[in-house]
Amino acid sequence: MNKLIQRGVLSIAGLTAVAGIAAGSGLSPDTTPAVTTTPVAATQQTSADTPVSMDKLLPNGVPAGQSTVPLSAEQKDNAKAIIEATKKAGMDERAAVVAIATSLQESKLENLGHLGDRNDHDSQGLFQQRPSSGWGTVEQITDPAYSTTAFLKGLKQVDGWKDMPLTQAAQTVQVSAYPDHYAQWEKQAADLVAELWTT
């Protein structure tokens, strides 16, 4: 019987405490208080949550003669795939800008298969990589994650790629017949990385 009295007292005390807290906060006893965050929690963002600085994305400024192309949902998904592969490779936002600008030049961010007579030799995928040049099989180079990783592996081998103009870094990996054309996509690539890096 003493145990029953104790339980009753504890229950009443518990209800009183809850009512007191609610009354002190201006809420009714049956209202759940909203979860609040403290300023300390706001400062504990991870680098993936931190907005990307355009100074980091465009360290050499924006080259003259920029181009843009409207993007479909599929093209944006391909840009996201490039960003995810870049993160997985342990590379930073600038590497993603170089990769996306390269893909914008090579395929307009479209994962192209063989185009028949319009094909540039056996080039395919987001980066127009060639199986005959050792980039991988057709199945591999038309996989956005694989093709991006292959591109980034080449970029890592370019000494000083972070400090050189984007078009020079991209050209060293791609060995294109049009070495200066990558520069025109740098701003759109940077805008995409700024938009998609933390999503």
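Located above this text is the structure these notes cover.
1. Digging into the overall build of the chain
Scanning the chain from N- to C-terminus turns up 9 helices and 0 strands. Reading the chain from its N end, one meets helices and strands in the order α-α-α-α-α-α-α-α-α. Across the 199 residues that make up the chain, the buried fraction comes to 35%. Considering only contacts within the chain whose residues lie at least 6 apart along the sequence, 63% involve residues at least 24 apart. About 11700 Å² of surface is accessible on the chain, with carbon and sulfur atoms providing 56% of the total.

2. What about the environment of Ser-133?
Mapped onto the elements, Ser-133 comes out in the loop between helix H5 (93-107) and helix H6 (138-141). Separated by 10 residues in the primary sequence, Ser-133 and Ser-123 place their C-alpha atoms 9.3 Å from one another.

3. With respect to unusual backbone geometry
For residues that are not glycine, phi is negative in most cases, and the peptide bond is trans in most cases. Positive phi outside glycine occurs at Lys-108, with the angle close to 55°. As for its position among the elements, Lys-108 is in the loop between H5 and H6. Phi at Gln-128 takes a positive value of approximately 50°, unusual for a residue other than glycine. The residue Gln-128 is located in the loop between H5 and H6 in this model. On the accessibility criterion, Gln-128 (14% relative accessible area) is buried.

4. Quick word on H5
Given a rise of 1.5 Å per residue, 15 residues ought to cover 21 Å, and the 21 Å separating the end C-alpha atoms of H5 matches this to within 8%. Most of H5 is tucked away, with 14 of its 15 residues classed as buried. Where H5 starts, the residue carrying a side-chain oxygen 3.2 Å from the main-chain nitrogen of Arg-94 turns out to be Asp-92.

5. Quick word on the pattern of salt bridges
Applying the stated criterion to the full structure yields 6 salt bridges. Here Lys-56 ties to Glu-93 by a salt bridge, and the two come within 3.0 Å at their closest N and O atoms. Highlighted residues: Lys-56 in helix H3 (residues 54-57) and Glu-93 in helix H5, separated in sequence by 37 residues. Take Lys-56: its relative accessible area is 40%, and that puts it in the partly exposed class. Among the residues examined, Glu-93 registers a relative accessible area of 10% and is labelled buried. Glu-186 is the partner of Arg-94 in a salt bridge, and the nearest nitrogen-oxygen pair spans 2.9 Å. Taken together, the residues span a long stretch of sequence, with Arg-94 in helix H5 and Glu-186 in helix H9 (residues 186-196) at a distance of 92 residues. A single burial state applies to Arg-94 and to Glu-186, both of which are buried.

6. A word on the side chain of Gln-75
Counting through the fold element by element, Gln-75 comes out in helix H4 (residues 73-88). The buried category is assigned to Gln-75, whose relative accessible area is 7%. Reaching out from Gln-75, the side chain makes a polar contact with the backbone oxygen of Lys-108 at a distance of 2.7 Å. Here Gln-75 is in contact with Pro-70, Lys-108, Leu-109 and Glu-110, once residues within four sequence places are set aside.

Cut-off values and rules
- Residues numbered from 1 in each chain as written.
- Predicted model: local features only at pLDDT ≥ 70, side-chain atom pairs only at ≥ 80, totals over all residues.
- Heavy atoms only, no water.
- Helix = DSSP H or I, 4+ residues; strand = E, 2+ residues; numbered from the N terminus.
- Buried < 20%, exposed > 50% of the residue type's maximum accessible area, 1.4 Å probe, protein only.
- Contact = heavy atoms within 4.5 Å.
- Areas by Shrake-Rupley, 256 points an atom, 1.4 Å probe, with all protein chains shown as cover.
- Expected span 1.5 Å × (residues − 1).
- Polar contact = N/O pair within 3.5 Å; in protein donor to acceptor, adjacent residues only side chain to side chain.
- Salt bridge = Lys/Arg side-chain N within 4 Å of Asp/Glu carboxyl O.

So yeah, pure geometry; function would need other evidence.
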